[in-house]
Amino acid sequence: MDIMPILFFIVVIDLIGFGIIIPLLPFYAEFFKASPATVGMIMATYSLAQFIAAPFWGWLSDRIGRRPVLLASLAGSAVAYSLLGFADNLWLLFGARALGGLMAGNISAAFAYVADITTPENRAKGMGLMGAAFGLGFVIGPVIGGILAGPDPINADYKSPSLAAAGLSMLALILALLFLKESLPREARNRLQSKSNKSYLTQMRLSLKFPNLAFLILISFLTTVVFSGLEVSFPLWSHRQFGWGPEQNAYLFAFVGVLGALVQGGLAGLLSKRYGEIGLIIQGACTLCLGVILIPFAETVTFLVIAMTIAGYGFSIISPAINSAISLQVDRGSQGMVMGVTRSAMTLARVAGPILAGALFSAFGKDWPFYAGAIIMAAVFFLVSRRKPLLTSARKPLSPLDQI
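Numbering of residues begins from 1 in every chain and follows the order in which that chain's sequence is written. With the structure being a predicted model, the display of local features is reserved for residues of pLDDT at least 70 and the display and counting of side-chain atom pairs for 80 or more, all residues being used for whole-chain, interface and lining totals. Side-chain numbers here rest on the full set of heavy atoms in the structure, without hydrogens or water.

Next up on the list: the environment of Ala307. Structurally, Ala307 can be placed in helix H13 (residues 301-328). The buried category is assigned to Ala307, whose relative accessible area is 0%. The spacing of Ala307 and Leu294 is 13 residues in sequence and 5.7 Å in space, taken between C-alpha atoms. Residue contacts are counted whenever heavy atoms from the two residues lie within 4.5 Å of one another. When residues no more than four places from it in sequence are discounted, the contact partners of Ala307 are Gly291, Leu294 and Ile295. Working definition: helices are DSSP H or I runs of at least four residues, strands are E runs of at least two. Numbering for both runs from the N terminus. Throughout this description, buried means an accessible area under 20% of the type-specific maximum (1.4 Å probe, protein chains only), exposed means over 50%, and partly exposed covers the range between.

Salt bridges are defined by distance alone: a side-chain nitrogen of Lys or Arg within 4 Å of a carboxyl oxygen of Asp or Glu. Overall, the coordinates contain three salt bridges when judged by the stated rule. A salt bridge links Glu30 to Arg240; the nearest nitrogen and oxygen atoms lie 2.7 Å apart. Placement of the pair is Glu30 in helix H2 (residues 25-31) and Arg240 in helix H11 (residues 213-242), with a sequence separation of 210 residues. With a relative accessible area of 38%, Arg240 lands in the partly exposed category.

Before going further, it helps to spend a moment on the side chain of Ser238. Considering the arrangement of structural elements, one finds Ser238 in helix H11. Beyond its immediate sequence surroundings of up to four residues, Ser238 is in contact with Gly243, Trp244 and Asn249.

Moving on: the packing of aromatic side chains. Stacked, tilted and edge-to-face are the three classes assigned to paired rings of Phe, Tyr and Trp, where Trp is represented by its six-membered ring and a pair needs centres within 6.5 Å; plane angles under 30 degrees give stacked, over 60 edge-to-face, the rest tilted. In total, this model carries 16 aromatic pairs according to the counting rule given. Plain terms: the ring middles of Trp91 and Phe94 are 5.8 Å apart, the flat faces sit at 35 degrees to each other, and that makes the pair tilted. Taken together, the positions of Trp91 and Phe94, both in helix H5 (residues 90-102) and three residues apart, correspond to about one turn of that helix. Counting every residue linked through ring pairs, the aromatic cluster contains Phe234, Trp237, Phe242, Trp244, Phe253 and Phe370. Above the ring of Phe215, the side-chain terminus of Arg387 is found at 4.5 Å from the ring centroid. For a Lys NZ or an Arg CZ to count as sitting over a ring, it must be within 6 Å of the ring centre and within 35 degrees of the ring normal.

Here the idea is plain: a probe the size of a water molecule rolls over the atoms and shows the empty space left. A pocket, in this scheme, is an open set of points on a 1 Å grid over the protein atoms alone with protein on both sides within 12 Å along at least 5 of 7 lines, while a cavity is a set where a 1.4 Å probe fits but cannot get out; residues line either one if an atom lies within 4 Å of a point. Grid points are joined across faces, edges and corners, and a volume is the space filled by probe spheres set on the points. Applying the stated criterion to the full structure yields one cavity of 30 Å³ or more. The space that makes up the largest cavity amounts to roughly 110 Å³. Only H11, helix H14 (335-364) and helix H15 (368-393) provide two or more residues apiece to the lining of the largest cavity. The residue makeup of the lining of the largest cavity, split by class, is 11 nonpolar, four polar and no charged. Basically, the charged four are Asp, Glu, Lys and Arg, the nonpolar ten are Ala, Val, Leu, Ile, Met, Phe, Trp, Tyr, Cys and Pro, and anything else, Gly included, counts as polar.

Caution applies to low-pLDDT regions: their predicted coordinates should not be interpreted in detail. The predictor's confidence in any single residue is recorded as pLDDT, a number from 0 to 100. For the chain, the mean per-residue pLDDT works out to 83, and 84% of the residues sit at or above 70. Of all helices and strands in the chain, the one with the weakest mean pLDDT is helix H9 (residues 186-195) (55), whereas H5 scores best (94).

The next thing to look at is the environment of Pro68. As for its position among the elements, Pro68 is in helix H4 (residues 66-85). For Pro68, a relative accessible area of 35% puts it in the partly exposed group. Spatially, the C-alpha atom of Pro68 lies 9.3 Å from that of Leu177, the residues being 109 residues apart in sequence.

This is how it looks when you write it as structure tokens:
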């Protein structure tokens, strides 16, 4: 039996459940009288807990296998969504998101599962399927969540979307329990244990020895800070600007998701051949800056859709370009270590972005998260433009692992 379609289906179901919550949370928090700054902290709680738990899940999956980790994290996600649905105060909302982040080992386990069952020749295809699962989840999920919650944030149904997400996690758990076998043989686990003696700090130190890598990770961090801040502040802004609730925001989020899938699925590859990774980073920074600065000036829905299209295109271009540029800076034997450090930096950016956006929203008004985002992306554009000759002429160095 070909296991990839089953794994794909499980990940899609799980990510639809995750996507259901996206347009809901800012309004849910405001329902409990949370300020925009507190909303930002609630949104950051998930990523912070995920950052703390991710090394443990990775360590555990190398020792006991991918299947038990996948099953445990899916069960934990179902509990977290259920707790979210029955939350009757702000602290339970914080607790539900913290538990959800701590239980977010299912996606990394799924990617590790793909790496286990594919050959080097067809691994890109397998990872592409996982990327497509992400895209589907983040397009379908918000629409379902918005429809279930309704258009009015004051009288929205916050329980049904959360329980629907819990039900989808349970469905994914049952499918994994019935159809997924362990992908990592015991002898492979023993080999991985012998290779995993380096601490995370050691991996970070070794990764940053590569020329230009610290700079590119910083650029990726700043870009993610801006876009994650946009995800948090936009629902609050649209409610104040247009009177929108979860449903209207869900449709716009789904539109941006479709746009991102189209750009990253085809256009980004074509453009990279013409402009190169660094050229696309510069183009994406400029476009994201323009889109973000236009949002506060939107007085009609048409203008807003244009601004979000520009911003969504910019992020969809710059994100894969940065990942590709990082990959090209290192040797093949260090790819996993460097990408792990990069993903950790992105998780921290998803902690910093919502907190910064929420604080600016509370302190200076609804438009300031977008002004700040535009300033950051203008700085990214300037920094990368100045460093472009050095970045484009860099050669892959020897692995720093060879130096120890």
